[in-house]
Amino acid sequence: MDTEELRLAVYRTFAETGRAPEPAELAVQLGADATAVAAGLQELAQARHLALGDQGQIVMAHPFSAGPLGFSVMGNRTLWWGGCAWDSFALPHLLADQGEVLVATRCPACGKPLAWNVGSRRPPDGTQVAHFLVPAPRMWDDVVHTCRNQRLFCAEDCVASWLAATGSARGYVMDLGTLWRLAAHWYDGRLEPGYVRREPSQAAEYLRSVGLSGPFWGL
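## Digging into the sheet that holds strand 8 (residues 129-132)
Across the sheet, which stays open at both edges, the 3 strands sit in the order 9-8-10 with antiparallel pairing between neighbours. Unpaired on one side and paired on the other, strand 9 (150-153) and strand 10 (172-175) mark the two borders of the sheet. Neighbour to neighbour, the strand axes of the sheet diverge by 25° on average, direction disregarded. Sheet topology note: the strand 8/strand 9 ladder contains 4 bridges and is antiparallel. Paired with Ala 130 across the strands is Leu 152, a residue of strand 9. Helix 6 (residues 156-166) rests against strand 8, strand 9 and strand 10 of the sheet, and its axis sits at about 30° to strand 8. Its contacts with the sheet put helix 7 (residues 176-184) on strand 8, strand 9 and strand 10, and the angle it makes with strand 10 is roughly 95°.

Structural data, given as structure tokens:
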């Protein structure tokens, strides 16, 4: 089976409907055998184009998530689950026809509701901060755990309170502007044919270009 055709079907279903396609649905859509679709999804997961659950179901196809991991993203007519702070801020860049989207979450420390209008022209206003618990080189060790722990907080004090309450070591903290720049072009091309993931050296260079320092990518 053509895995690029399968990858595009997964991504475009997420983009258009806000939900993950079922493997059986993909088989019908592509006129393919269900076994071939399952094998193709496994191949895409091994190449880190998506993440699968224990039953072979699609859990994530970054920046899309099949279920809530802390964020909702509301467009003109479609509601998406944001996989993490990074992915939620990336959606208006990838989905250019949406204009601004409403990204909503709660501060993990104090529970305060937080929301921003996020578009592709400039960072949203706000003094809140993002905390990434897992450094870049280890993000795919358990990508769902990683995404659950890329969160937005009211302020540095809330980050400190959450770390103390959970017994977690401090990760990487960035302001909204840095988060927005990180998200702006990371997923460029994922809805188009022929997308190729960045090599590690290219990824590190991109991170440097948006102002992220060495500790983020583990150097």
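Back to the write-up after that little detour.
## Regarding helix 8 (residues 200-209)
Among the residues making up helix 8, those that are buried are Ala 203, Ala 204, Tyr 206 and Leu 207. Down the axis of helix 8, the sector holding all buried residues measures 160°, keeping them to one side. Facing away from the buried surface of helix 8 by more than 90 degrees, the exposed residues are Ser 201 and Ser 209. A positive phi of about 95° marks Gly 211, the residue just after helix 8.

## Side note on the packing of helix 1 (residues 3-17) against helix 2 (residues 23-30)
The contact between helix 1 and helix 2 brings their axes to 11 Å, and the two run at 115°. Where helix 1 crosses over helix 2, the two elements pack in a sense that is right-handed. Residues Glu 5, Leu 6, Ala 9, Val 10 and Thr 13 of helix 1 form the contact with helix 2, whose participating residues are Glu 25, Leu 26, Gln 29 and Leu 30. For the contact of helix 1 with helix 2, the class distribution of residues is 5 nonpolar, 2 polar and 2 charged.

## Digging into the sheet that holds strand 5 (residues 79-82)
If you trace the 7 strands from one edge of the open sheet to the other, you get 1-2-3-5-4-6-7, paired in antiparallel fashion. On the outer flanks of this sheet lie strand 1 (51-52) and strand 7 (113-118), each paired with one strand and no other. The sheet contact formed by strand 6 (residues 101-106) and strand 7 spans 6 bridges and is antiparallel. Bridging from a neighbouring strand, Val 103 pairs with Trp 116 of strand 7. Packing of helix 1 onto the sheet brings it into contact with strand 2 (58-61), strand 3 (64-65) and strand 5, and relative to strand 2 it is tilted by some 85°.

## Quick look at the pattern of salt bridges
Counted under the stated rule, the structure contains 5 salt bridges. Residue Asp 125 pairs with Arg 122 through a salt bridge whose shortest N-O separation is 3.5 Å. Arg 122 matches Asp 125 in its accessibility class, with the two residues each being exposed. Here Glu 205 makes a salt bridge to Arg 208, at a shortest N to O gap of 3.9 Å. Taken as a pair, Glu 205 and Arg 208 lie in helix 8 at a separation of 3 residues, close to a single helical turn. Accessibility expressed as a relative area gives 41% for Arg 208, which makes it partly exposed.

Rules behind the numbers
- Residues numbered from 1 in each chain as written.
- Predicted model: local features only at pLDDT ≥ 70, side-chain atom pairs only at ≥ 80, totals over all residues.
- Heavy atoms only, no water.
- Pairing = 2+ DSSP bridges.
- Helix = DSSP H or I, 4+ residues; strand = E, 2+ residues; numbered from the N terminus.
- Axes fitted to C-alpha atoms, helices over the stretch in contact; angles between N-to-C directions.
- Contact = heavy atoms within 4.5 Å.
- Buried < 20%, exposed > 50% of the residue type's maximum accessible area, 1.4 Å probe, protein only.
- Arc of directions from axis to C-beta.
- Left-handed = near helix turned anticlockwise from the far one by under 90°.
- Nonpolar A, V, L, I, M, F, W, Y, C, P; charged D, E, K, R; others polar.
- Salt bridge = Lys/Arg side-chain N within 4 Å of Asp/Glu carboxyl O.

The quantities given are spatial measurements derived from coordinates; they are silent on function.
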